[in-house]
Amino acid sequence: MKKEIRIFFTAMMFLTRLPVPRFTDHSPDYLEKSVRYFPLIGWIVAALSALPFLIFNKYISEDIAIAASIIAGILTTGAFHEDGFADVCDAFGGGWTKEKILLIMKDSRLGSYGVIGMISILFCKFLLLKELPKFTPDLQAPSINIFYNYRYFLLTLFAAHSLSRLMPVLVMRYYEYVTDPDNSKSKPTAAQKPTFPALLVPIITALIPFVFMPWQFLLATIPVVYIAFSLAKYFKKWIGGYTGDCLGAIQQVSELSFYLCMIIIWRYVL
């Protein structure tokens, strides 16, 4: 049990800026096993993103609440995934060979493609969250319990953050890690392929939020998986596999894709 707790806190240390106990370190063995808790870390990020939304939406406005929710998520993760997405935009936008792409991706400076990509993905995230229905459609009158009123919106946040963090884990299982592991910030985790039994825990964790929603919402997982593996296939075509930044990009695109799919299901399926 103590070992699992340490593995969990290792995952938290790796994916977020949240404080962890002193016994947590960057042990390669624990980092390798920490992928099983990536979707669970998504729950934590979702919870810390949902709280400011509920507060600001109640006392100020919905737009401010959504902006506060996005900022809370960025502060929680230290823009870990957003940074990877921006680096991928720079690398694949400005590089035309494998060597050039990997070189640009390692550069800590942000170029025009990265800036445009970062602005675009945050703007799209704001618009998609704004389009998601907030109140439950089956209520005749609003309840005084705001968690109940917004339960489907909150469950969507939990499902999005957990499912999108499952996608990099699946890609790690079926694709090869490239670039120099000694210089990569994701070396111990991304360089190792998760075993099939190790995938069961993150898959179950990512699917738990769907238990509390209509079964039709499960349909959103199909295009998300397809898009994630399409990105992985694209990365393999150009650089022979994936890097830590590629995993960050997959997480971000998967999250946005899930929001879009949920909106479509809300409007045209339910």
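The rules we used
Residues numbered from 1 in each chain as written. Predicted model: local features only at pLDDT ≥ 70, side-chain atom pairs only at ≥ 80, totals over all residues. Heavy atoms only, no water. Helix = DSSP H or I, 4+ residues; strand = E, 2+ residues; numbered from the N terminus. Rg over C-alpha atoms; globule rule 2.2 N^0.38 Å. Buried < 20%, exposed > 50% of the residue type's maximum accessible area, 1.4 Å probe, protein only. Contact = heavy atoms within 4.5 Å. Areas by Shrake-Rupley, 256 points an atom, 1.4 Å probe, with all protein chains shown as cover. Lys, Arg positive; Asp, Glu negative; His and termini not counted. Charge placed at Lys NZ, Arg CZ, Asp CG, Glu CD. Expected span 1.5 Å × (residues − 1). Polar contact = N/O pair within 3.5 Å; in protein donor to acceptor, adjacent residues only side chain to side chain. Axes fitted to C-alpha atoms, helices over the stretch in contact; angles between N-to-C directions. Parallel < 35°, antiparallel > 145°, perpendicular 65-115°, else oblique. Left-handed = near helix turned anticlockwise from the far one by under 90°. Nonpolar A, V, L, I, M, F, W, Y, C, P; charged D, E, K, R; others polar. pLDDT = per-residue confidence, 0-100. Patch = residues over 30% accessible without salt bridge, like charges linked within 9 Å, V, L, I, M, F, W, Y side chains within 5 Å. Salt bridge = Lys/Arg side-chain N within 4 Å of Asp/Glu carboxyl O. Phe/Tyr/Trp six-rings, centres within 6.5 Å; stacked < 30°, edge-to-face > 60°.

Along the protein, the regular secondary structure elements total 13 helices and zero strands. Whereas a compact globule of 270 residues would reach a radius of gyration of roughly 18 Å, the protein reaches 18 Å, a difference of no more than 12%. By its C-alpha atoms, the protein is 60 × 45 × 30 Å across when sized along the principal axes. Counting all 270 residues of the protein, 49% fall into the buried class. Taking as baseline every contact in the protein between residues at least 6 positions apart, the subset at least 24 positions apart corresponds to 73%. Total accessible area on the protein stands at roughly 13,300 Å², and carbon and sulfur atoms take up 67% of it. Seen as two clouds, the 25 positive and the 19 negative side-chain charges of the protein have centres 4 Å apart.

It is worth spelling out helix α4 (residues 62-77) at this point. If you check α4, its first and last C-alpha atoms are 23 Å apart, about what 16 residues at 1.5 Å a residue would give, namely 22 Å. Residues of α4 that are buried: Ala65, Ile66, Ala68, Ser69, Ile70, Ala72, Gly73, Thr76 and Thr77. At its buried positions, α4 is contacted by α1 (2-15), α3 (38-59), α5 (80-94), α7 (112-131) and α9 (151-174). For α4, the capping residue at the N-terminal end is serine 61, with a side-chain oxygen 3.3 Å from the backbone nitrogen of isoleucine 64. One or two positions beyond α4, positive phi appears at glycine 78, with a value near 70 degrees.

Turning to α1, a few remarks are in order. For α1, spanning 14 residues, the distance from its first C-alpha to its last is 20 Å, which sits close to the expected 20 Å at 1.5 Å a residue. Along α1, the residues that are buried comprise Ile7, Phe8, Phe9, Thr10, Ala11, Met12, Met13, Phe14 and Leu15.

This next bit is on the side chain of threonine 221. Following the sequence through the fold, threonine 221 ends up in helix α12 (residues 221-239). We classify threonine 221 as buried; its relative accessible area is 15%. Residues contacting threonine 221, with those up to four places away along its chain left out, are Leu163 and Phe210.

The next subject is the packing of α9 against helix α13 (residues 244-268). Two elements in contact, α9 and α13, have axes whose closest approach is 8 Å; the angle formed by their N-to-C orientations is 140 degrees. Compared by their axis directions, α9 and α13 come out oblique. Both α9 and α13 take part in a crossing whose hand is right-handed. In terms of residue class, the contact of α9 with α13 is built from 15 nonpolar, five polar and two charged.

Let us look at the confidence of the model for the protein. Averaged over every residue, the pLDDT of the protein is 89; residues scoring 70 or more account for 90%. Summarising per-element confidence for the protein, the mean pLDDT is lowest in helix α10 (residues 187-190) (52) and highest in α12 (97).

Attention now moves to unusual backbone geometry. Trans is the common state for peptide bonds, and a negative phi is the common state for residues other than glycine. Despite not being glycine, alanine 79 shows a phi value in the positive range, around 55 degrees. Here alanine 79 shows up in the loop between α4 and α5.

What follows concerns a nonpolar patch on the surface. A contiguous nonpolar surface patch, about 740 Å² in accessible area, is contributed by Tyr174, Phe196, Leu200, Ile204, Ile208, Val211 and Phe212. Within the secondary structure layout, leucine 200 lies in helix α11 (residues 196-207).

Our next topic: the pattern of salt bridges. When charged atoms on two side chains of opposite charge get close, those side chains can pair. Here the structure, examined in full by the defined rule, presents nine salt bridges. Put simply, aspartate 107 and arginine 109 hold a salt bridge, and the shortest N to O gap is 2.8 Å. Overall, arginine 109 belongs to the exposed group, its relative accessible area being 64%. Linked through salt bridges whose partners overlap, the residues forming this network are Glu62, Asp63 and Lys130.

Moving on to the packing of aromatic side chains. The tally for this structure, following the rule as stated, stands at 19 aromatic pairs. A centroid spacing of 6.3 Å and a plane angle of 65 degrees characterise the contact between tyrosine 152 and phenylalanine 217, whose relative ring orientation is edge-to-face. Here phenylalanine 217 lies in the loop between α11 and α12 and tyrosine 152 lies in helix α9, a separation of 65 residues in the sequence. Taken as a pair, tyrosine 152 and phenylalanine 217 share a single burial class, namely buried. With 6.2 Å between their ring centres and 55 degrees between their planes, tyrosine 174 and phenylalanine 229 make a pair best called tilted. Residue tyrosine 174 is found in helix α9, and its partner phenylalanine 229 is found in helix α12; the two are separated by 55 residues along the sequence. When its relative accessible area of 47% is taken as the criterion, tyrosine 174 is described as partly exposed. On the basis of relative accessible area, phenylalanine 229 is assigned to the partly exposed category, the value being 23%. Following the ring pairs from residue to residue traces out a cluster consisting of Phe92, Trp96, Tyr234, Phe235 and Trp238.

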